2 protein chains.
Amino acid sequence: MTTTGLNKVGEYAFVAEPFHVDFAGRLTLGVLGNHLLNCAGFHAEERGFGMATVNESRYTWVLSRLAIELRALPRQYERFTVRTWVEAVYRLFTDRNFELAAEDGTVIGHARSVWAMISMETRKPADLLALHGGGIEGYVCQRDCPIVKPGRIKLAGGRHVADHRAVYSDIDVNGHVNSVRYIEHVLDLFPLERFRSQRVRRFEIAYVAESYWGDTLSFFVDEKAEGEFDIEIRKNGAEPVCRSRVIFARE
Amino acid sequence: MTTTGLNKVGEYAFVAEPFHVDFAGRLTLGVLGNHLLNCAGFHAEERGFGMATVNESRYTWVLSRLAIELRALPRQYERFTVRTWVEAVYRLFTDRNFELAAEDGTVIGHARSVWAMISMETRKPADLLALHGGGIEGYVCQRDCPIVKPGRIKLAGGRHVADHRAVYSDIDVNGHVNSVRYIEHVLDLFPLERFRSQRVRRFEIAYVAESYWGDTLSFFVDEKAEGEFDIEIRKNGAEPVCRSRVIFARE
């Protein structure tokens, strides 16, 4: 991981490790999601509004939505670059975008994320415009991110297709099922066969509530069109935890 | 990741990323396992007997056994170092060891691994002493690795505690459930409570057979003594796939 300095766009270099690619040799979306969230963390921390810094004032960043669109994915052992910048800061949310570039420099994907900051004591949202005397606004950057913003996902019913009891590996340092695991669990609903002839063109996830060790996560799926799925994860038979949309395309 | 050159011991630097630590803020054993196997790959590749190189001759490395002993684990955001070297080369197996050092240089753990090389066509083992004209022997290194070698794990019965159907995220580029996922699945058998007051002091795994997407993995556990567990994973109700031993210690 390297950084190009404190300009508005952070740039971080990676390589697709053997255990981070799927059966077809493509970087998994879970690992990509992990890298995006790490880059968000590096970029924010380097500029004075990262997790460690805001934790000192007893605030924490919460990922609300993530949308990823891909034309291709890095293959095993390929180097790739993630660029990230802040697109907008509102009172309660901030939009952070990402660009994914292949080893040869070709841009192969984009992502959009929406974050809030909450008080670690009251769990109430903080005013981002007041953060560090408005300092975060100084990093807002006009740069093209040619993908649709994460939208509202609403299932019309949905078929109950799987259950998963949250285990040790699912749980992060906050005691919640971690954001990356939900991405993996959603993709794990699909048979391997689908990933053989198709790839994920767009993946979207909205984090609605937290779940904990031992919670039973139930997965409901609504196929909107050929290769287009809306998914809702509910915990313990009732409360929605996440909503996701997955759109496949021919490889 | 950096390398210190082509001496017999490879040295690689990492940082414990936020999504790579457990609820208690310690690097997970699955992630550590992934790093160890990557370091094995880097070290071998840099010296001309790595996966990509042997694949050209239609051979592939197969991990047979892994044992890890830890006094502590890196915490979130901490830097740490993995060192690896070849301890011995036999006709059909080679022993590769590892040392884990914390940010301040303290050695906090060791690991031992046993590898074979097989033909990608016949799946028969290759003669390692003949590999590259005996070149791998030139890297054998006398260096202390003060942990017991991986032993033979044999369950006296065992209680059937869980089942897991192998999903998309479990499968690696060879089409098999990947070595790191088995580590995670084994640790996921234990309640979070155990990891609150205890830590894994020794983890051992023997890879016996391959499993594939859709296979039902059944987990059998035999508690040998307080905090000492032998685990066998069987696929589709019969064939053993992995055997593991987990020894906990008070944190």
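Residues numbered from 1 in each chain as written. Chains lettered and ligands numbered in written order. Predicted model: local features only at pLDDT ≥ 70, side-chain atom pairs only at ≥ 80, totals over all residues. Heavy atoms only, no water.

Trainee: I tried to follow the relation of the copies chain A and chain B on my own but got confused; where do I start?
Mentor: Here the two chain copies are tied together by a rotation about an axis and a shift along that axis. Its rotation angle being 180°, the transformation that places chain A on chain B also includes 0.0 Å of axial translation and leaves an RMSD of 0.0 Å. Classification of the inter-copy transformation places it as that of a two-fold axis. Residue by residue, 100% of the interface of chain A is reproduced at the interface of chain B, so both copies engage with the same surface. (Least-squares fit on C-alpha atoms with pLDDT ≥ 70 in both. Contact = heavy atoms within 4.5 Å.)

Trainee: Honestly, the sheet that holds strand E1 (residues 10-15) of chain B in this entry has me stumped. Any pointers?
Mentor: Neighbouring strands of a sheet are bound in pairs by backbone hydrogen bonds; such pairs are parallel or else antiparallel. Residues and elements named next belong to chain B. Taken in spatial order, the ten strands line up as E1-E3-E4-E5-E2-E7-E10-E9-E8-E6 in an open sheet, and their pairing is antiparallel. This sheet does not close on itself; its edge strands, each paired only once, are E1 and strand E6 (159-165). Sheet twist, expressed as the average angle between the axes of neighbouring strands with direction ignored, equals 25°. Bridging between strand E8 (residues 216-225) and strand E9 (residues 228-235) involves eight bridges; their strand directions are antiparallel. In the strand pairing of E9, phenylalanine 219 is matched with isoleucine 233. Of the strands in this sheet, strand E2 (59-70), E6, strand E7 (198-207), E8, E9 and strand E10 (239-250) touch helix H3 (residues 179-187), which is tilted by about 135° from E7. (Pairing = 2+ DSSP bridges. Helix = DSSP H or I, 4+ residues; strand = E, 2+ residues; numbered from the N terminus. Axes fitted to C-alpha atoms, helices over the stretch in contact; angles between N-to-C directions.)

Trainee: Help me understand the packing of helix H1 (residues 29-46) of chain A against helix H3 (residues 179-187) of chain A, please; the structure alone is not making it clear to me.
Mentor: When two helices pack together, their arrangement is captured by the angle between the axes and the distance separating the axes. Residue and element names in this part refer to chain A. Relative orientation of the contacting elements H1 and H3 amounts to 160°, with a least axis distance of 8 Å. Judged by the inter-axis angle, H1 sits roughly antiparallel to H3. Classified by chirality, the crossing of H3 by H1 is right-handed. Here Leu29, Gly30, Gly33, Asn34 and Leu37 of H1 lie close against H3, whose contacting residues are Ser179, Val180, Ile183, Glu184 and Leu187. Looking at side-chain class alone, the contact of H1 with H3 contains five nonpolar, four polar and one charged residues. (Parallel < 35°, antiparallel > 145°, perpendicular 65-115°, else oblique. Left-handed = near helix turned anticlockwise from the far one by under 90°. Nonpolar A, V, L, I, M, F, W, Y, C, P; charged D, E, K, R; others polar.)

Trainee: In this structure, what is going on with the interface of chain A and chain B? I would like to understand it.
Mentor: Often the size quoted for an interface is simply the accessible area lost on bringing the parts together. At the junction of the two partners, chain A supplies 32 residues and chain B supplies 32 residues. For the pairing of chain A and chain B, the buried interface totals around 3000 Å² over both sides, and the portion due to carbon and sulfur atoms is 59%. Interface area lost by chain A to chain B is led by Phe19, Tyr168 and Val173 of chain A, which between them contribute 27%. Linking chain A with chain B are two salt bridges. The partner of arginine 181 of chain B in a salt bridge is glutamate 184 of chain A, with the nearest N and O atoms 2.9 Å apart. The interface formed by chain A and chain B contains twelve residue pairs in polar contact (both at pLDDT 80 or more). Contributions of two or more residues to the side of chain A that touches chain B are made by H1, H3 and helix H4 (192-197) of chain A. Looking at the side of chain A that touches chain B, the element that brings in the most residues is H3 of chain A, giving five residues. (Buried area = accessible area lost by both parts, 1.4 Å probe. Salt bridge = Lys/Arg side-chain N within 4 Å of Asp/Glu carboxyl O. Polar contact = N/O pair within 3.5 Å; in protein donor to acceptor, adjacent residues only side chain to side chain.)

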